[in-house]
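Structural description and commentary
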Protein chains: 2
Amino acid sequence: MNASTSAAKATDITWHDGHVDRSHRETLLGQKGALLWLTGLSGSGKSTIAFHVEHALISRGVLAYVLDGDNIRHGLNSNLGFTADDRAENIRRIGEVGKLFVDTGVITVSSFVSPYRSDRDSVRSLLNTGDFFEVFINTPMTICEQRDPKGLYKKARTGEIPNFTGISAPYEEPTSPDLEILTENLSVDQAAGQIISLLERHNKISAVN
Amino acid sequence: MNASTSAAKATDITWHDGHVDRSHRETLLGQKGALLWLTGLSGSGKSTIAFHVEHALISRGVLAYVLDGDNIRHGLNSNLGFTADDRAENIRRIGEVGKLFVDTGVITVSSFVSPYRSDRDSVRSLLNTGDFFEVFINTPMTICEQRDPKGLYKKARTGEIPNFTGISAPYEEPTSPDLEILTENLSVDQAAGQIISLLERHNKISAVN
C-alpha cells in the first residue's frame with residue numbers, strides 16, 4: 001500500500017490510497033477463496049456433503065458458505081423457471097455469485113444438480129484457474145431413487161414432474177472433474193473429508209496437524 | 001473459536017450434526033453481517049467512500065466487501081440494460097447478493113446510484129431488520145457535476161446520455177435514511193468514519209480503543 005494523500009480534504013491525515021484486494025482479505029482470513037461446484041443427481045448427497053464440509057471448515061476456523069436451492073432459488077433466482085434458458089441463467093448467476101464469494105476469500109460450496117456440461121464449463125470459465133473445482137458426487141441412480149428424500153423420483157416416474165434429471169432429462173456426467181466422490185461405500189464424513197483434502201492440497205486452507 | 005472436532009478422515013471423531021448458521025460464522029469472524037446501502041448521485045463520492053470504509057475495516061481485521069458497478073454490472077448483471085424493469089432487477093439482484101453476504105457475516109458496502117425509493121425499500125424489506133442500513137451520500141449536484149469524474153454529466157447535458165439521474169431522470173432522496181452524510185465539508189476519511197461509527201453503534205463491529 002502506498003501512502004498517498006490524495007483522497008482526503010483534511011490536512012492532517014495520511015491516507016493509504018490503493019484499494020483492498022482479494023489477497024488482503026485472504027491474509028485476514030488465513031485462507032484462500034475457492035468455489036467447490038458439487039454436481040450430481042437429485043438424492044446423490046450433494047447438500048448433505050456440502051453442509052458437512054461447511055461445518056467441518058467452520059469448526060476449524062475457516063470461513064465457508066453453502067449456496068444451494070434454499071438460499072438461491074427462493075432469493076436471487078426466484079424469478080427463474082425451469083426452461084432451458086432459465087436453467088442456464090440459474091447456473092450462470094450462481095457462478096457469478098460464487099465468483100464474488102471467492103473474491104471475498106470464502107470457501108464456497110455450491111450444491112445444484114447442474115446436469116449440463118456446458119453450463120458447468122461456463123462457470124469454470126468465469127473463474128480464474130485454480131479457483132473452481134468441479135466435484136462430481138457420483139451416487140448410483142438406483143440409490144438416489146431409493147432414497148428419494150423429497151419424493152421427486154416417484155413424481156417423475158408417474159410423469160407428475162416432467163424433465164426430471166436422470167429419468168426424463170439427461171445428466172451429463174463430468175468428463176474430467178477435479179474430484180469424483182464415489183459415495184456408495186463412504187460415510188458422509190469420509191466424502192466431506194475428500195473435499196477438505198482437495199482444499200488442503202491446493203493450499204486453500206492450512207492442513208490441520 | 002472453539003476447539004471442536006472437525007471432519008477429518010479419522011475414525012474416532014464425534015460429529016456434531018446440525019448445520020452451521022450465521023451466528024457461527026459471525027463468531028468465527030468476530031463481527032456481524034450488515035449491508036450498507038450507499039445511495040447518491042453520480043459523482044457524489046459513493047465508491048470512494050465505500051472503498052475507504054472497506055480499507056479501514058480490513059485494516060482493523062474486519063472482513064468487508066464492496067459491491068459496485070465494476071464487479072456487478074460486468075458480472076452478475078451483465079445481461080441487464082437500463083430500462084425501468086432492468087434497473088429494478090439490477091437493484092433486486094444486488095439486494096439478494098447482499099443478503100447472502102450478510103448471512104456469511106461480511107460487512108457489505110454497496111455503491112450504486114439507486115435513485116428510486118421503491119427499489120431501495122424493496123431491498124430493505126428483503127433483509128432482516130437491523131441488517132440493512134440506507135446511507136445517503138448527500139453531495140450537492142453542482143459539486144457532482146463539477147467533479148464529473150467519468151464525463152457523464154457532460155454527456156447528459158448534451159443529450160448523449162438520456163435518462164441521466166439528476167439531469168433528465170429523477171433522484172428520489174431518502175426520506176429517512178439510517179445515515180445521511182453531508183459530504184461537502186468532510187474529508188473522505190471523516191465520511192467513512194461516520195459509517196464505521198454507525199457499525200460500532202449497532203454492534204456490528206467492535207469499537208477500537
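Structure shown above.
Below is a short write-up of the structure. (Residues numbered from 1 in each chain as written. Chains lettered and ligands numbered in written order. Predicted model: local features only at pLDDT ≥ 70, side-chain atom pairs only at ≥ 80, totals over all residues. Heavy atoms only, no water.)

**Digging into helix 2 (residues 46-59) of chain B**
Each α-helix turn comprises 3.6 residues. Residues three or four places apart therefore point the same way. Note the threshold: Going along the chain from the N terminus, every DSSP run of H or I of four or more residues is numbered as a helix, and every run of E of two or more is numbered as a strand. Expected helix span is taken as 1.5 Å per residue step, with the number of steps being one fewer than the number of residues. Throughout this description, buried means an accessible area under 20% of the type-specific maximum (1.4 Å probe, protein chains only), exposed means over 50%, and partly exposed covers the range between. Every residue pair with non-hydrogen atoms within 4.5 Å of one another is taken to be in contact.
For helix 2 of chain B, built from 14 residues, the straight-helix expectation of 20 Å at 1.5 Å per residue is met to within 8% by its first-to-last C-alpha distance of 20 Å. Where burial is concerned, most of helix 2 of chain B is hidden: eleven out of the 14 residues are buried. Burial in helix 2 of chain B covers these residues: K46(B), I49(B), A50(B), F51(B), H52(B), V53(B), E54(B), H55(B), A56(B), L57(B) and I58(B). Tucked into the core, helix 2 of chain B has its buried residues touching helix 1 (22-29) of chain A together with strand 1 (34-39), strand 2 (64-68), strand 3 (107-111), strand 4 (132-138) and helix 8 (188-201) of chain B. At the exit of helix 2 of chain B stands G61(B), carrying a positive phi of roughly 85 degrees.

**What about the pairing of strand 1 of chain B?**
Residues and elements named next belong to chain B. Rule in force here: Should DSSP find at least two bridges between two strands, the strands are taken to pair.
Buried residues dominate strand 1, accounting for six of its six residues. Alternating positions in strand 1 separate into two faces, A34, L36 and L38 on one and L35, W37 and T39 on the other, with burial throughout. Bridge analysis of strand 1 against strand 3 gives five bridges, and the strand direction is parallel. Looking across to strand 3, one finds that L38 is bridged to S111. The sheet contact formed by strand 1 and strand 4 spans five bridges and is parallel. Residue pairing across strands places L36 opposite F133, the latter belonging to strand 4.

**Describing the sheet that holds strand 5 (residues 179-182) of chain B**
Residues and elements named next belong to chain B. The line we're drawing: Lines fitted to the C-alpha atoms define the axes, with helices restricted to the stretch that makes contact. Angles between their N-to-C directions range from 0 to 180 degrees.
Taken in spatial order, the five strands make up an open sheet running 2-3-1-4-5, and their pairing is parallel. In the strand order of this sheet, the two ends are held by strand 2 and strand 5, each with one partner. Direction aside, the axes of adjacent strands within the sheet are offset by 20 degrees on average. Bridge count for strand 4 against strand 5 is four bridges, and the pairing is parallel. For F136, the partnering residue across the bridge sits in strand 5 and is E180. Sitting on the sheet, helix 3 (residues 69-76) is in contact with strand 2 and strand 3, with an inclination near 60 degrees to strand 2. Packed on one face of the sheet, helix 4 (residues 84-104) meets strand 1, strand 2 and strand 3 and runs near 150 degrees to strand 1.

**Observations regarding the layout of surface pockets**
As a reminder of what qualifies: Cavities and pockets were defined on a 1 Å grid built over protein atoms only: a cavity is a set of grid points that admits a 1.4 Å probe from which the probe cannot escape, a pocket is an open set flanked by protein on both sides within 12 Å along at least five of seven lines, and lining residues are those with an atom within 4 Å of any such point. Grid points are joined across faces, edges and corners, and a volume is the space filled by probe spheres set on the points. Nonpolar residues are Ala, Val, Leu, Ile, Met, Phe, Trp, Tyr, Cys and Pro. Charged residues are Asp, Glu, Lys and Arg, and all others, Gly as well, are polar.
Counted as a void, the largest pocket has a volume near 1300 Å³. Taken together, 40 residues form the lining of the largest pocket, with S42(B), G43(B), K46(B), V113(B) and K150(B) sitting closest to its centre. Mapped by element, the contributors of at least two residues to the lining of the largest pocket are helix 2, helix 3, helix 4 and helix 8 of chain B. Take the lining of the largest pocket: its biggest share by element is five residues, from helix 2 of chain B. Tallied by class, the residues present in the lining of the largest pocket amount to 16 nonpolar, 15 polar and nine charged. Taken as a whole, the second largest pocket holds about 990 Å³ of empty space. Considering the residues around the second largest pocket, the lining is formed by 32 residues, among which S42(A), F112(A), V113(A), K150(A) and L152(A) are closest to the centre. Secondary-structure elements contributing two or more residues to the lining of the second largest pocket are helix 2 (46-59), helix 3 (69-76) and helix 4 (84-104) of chain A.

Bear in mind that shape data such as this cannot, by itself, settle questions of function.
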